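Structural overview for review
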Amino acid sequence: FYKGMASPMFGVAIINGIVFSIQNVSKGLFDNPDTYFSLAVTGASAGCVQSFICSPIELVKTRLQMQGIGQQRKLFALSTHLY
């Protein structure tokens, strides 16, 4: 799974696809999607989706990229936990 997500730009494209798809789908719920209110609501819904779905994905990617860093020093017996 991690080898397929190695490119950071690939992850950004997926996250942008999710966020803008949610915003586009939620625009269809309004009679006039070009008002400031509908833009605010669709942007807020896209932001909620990003914070609950996309941010944990980025956290996992960051942890996978940084595993093993900081455990090079073997002064003490450290248990190595790789994800």
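Residue numbering note: each chain is counted from 1, following its sequence as written. In view of the model being predicted, local features appear only for residues whose pLDDT reaches at least 70, and side-chain atom pairs are presented and counted only at 80 or more, with totals across whole chains, interfaces and linings using the full set of residues. As a convention, hydrogens and water are excluded, and side-chain values are obtained from all of the structure's heavy atoms.

**Some details on the overall build of the chain**
The line we're drawing: Here a helix means four or more residues in a row that DSSP labels H or I, a strand means two or more in a row labelled E, and each is numbered from the N terminus. Each residue is assigned to one of three classes by its accessible area relative to the maximum for its type, calculated with a 1.4 Å probe on protein chains only: buried under 20%, partly exposed between the two thresholds, exposed over 50%. Contact criterion: two residues are considered in contact whenever any of their non-hydrogen atoms come within 4.5 Å of each other. Note on areas: Shrake-Rupley with a 1.4 Å probe; residue coverage comes only from the protein chains shown.
Helix and strand counts for the chain come out as two helices and zero strands. For the chain, buried positions account for 14% of its 83 residues. Here the analysis covers contacts within the chain between residues at least 6 apart in sequence; of these, 37% occur between residues at least 24 apart. Carbon and sulfur atoms form 67% of the exposed surface of the chain, whose accessible area is close to 6,500 Å².

**Some thoughts on the packing of aromatic side chains**
To keep it simple, the criterion reads: Stacked, tilted and edge-to-face are the three classes assigned to paired rings of Phe, Tyr and Trp, where Trp is represented by its six-membered ring and a pair needs centres within 6.5 Å; plane angles under 30 degrees give stacked, over 60 edge-to-face, the rest tilted.
What the rule picks out here adds up to one aromatic pair. Ring centres of Phe30 and Phe37 lie 6.2 Å apart, and the angle between their planes is 90°; this geometry places the pair in the edge-to-face category. By relative accessible area, Phe30 is classed as partly exposed at 25%. Since its relative accessible area comes to 58%, Phe37 is described here as exposed.

**Some points on the side chain of Ser26**
Filter applied, for reference: N or O atoms closer than or at 3.5 Å make up a polar contact, with two conditions inside protein: a donor-capable atom paired with an acceptor-capable one, and, for residues adjacent in sequence, both atoms drawn from side chains.
Considering the arrangement of structural elements, one finds Ser26 in helix α1 (residues 8-27). Of the polar contacts made by the side chain of Ser26, one reaches the backbone oxygen of Gln23; its length is 3.0 Å. Setting aside its immediate chain neighbours within four residues, Ser26 contacts Thr42 and Ser45.

**Description of the environment of Gln50**
With respect to the helices and strands, the residue Gln50 is situated in helix α2 (residues 36-66). Taking the C-alpha atoms as reference points, Gln50 and Phe20, separated by 30 residues in sequence, lie 10.0 Å from one another.

**Focus: α2**
Applied cut-off: Expected helix span is taken as 1.5 Å per residue step, with the number of steps being one fewer than the number of residues.
Between its terminal C-alpha atoms α2 stretches 42 Å, which fits the 45 Å expected from 31 residues at 1.5 Å a residue. Within the sequence span of α2, burial applies to Ser38, Thr42, Ala46, Val49, Cys54, Lys61 and Leu64.

**Description of a nonpolar patch on the surface**
Selection criterion: Patch rule: a residue counts if its relative accessible area is over 30% and it has no salt bridge; like charges are joined within 9 Å, and nonpolar side chains (Val, Leu, Ile, Met, Phe, Trp, Tyr) within 5 Å. Take a side-chain nitrogen of Lys or Arg and a carboxyl oxygen of Asp or Glu: if they are within 4 Å of each other, that pair is a salt bridge.
The grouping of Phe52, Ile53 and Ile57 at the surface amounts to a nonpolar patch, some 310 Å² of accessible area in total. Relative to the assigned elements, Ile57 resides in helix α2.

Purely geometric stuff here, so don't read any function into it on its own.
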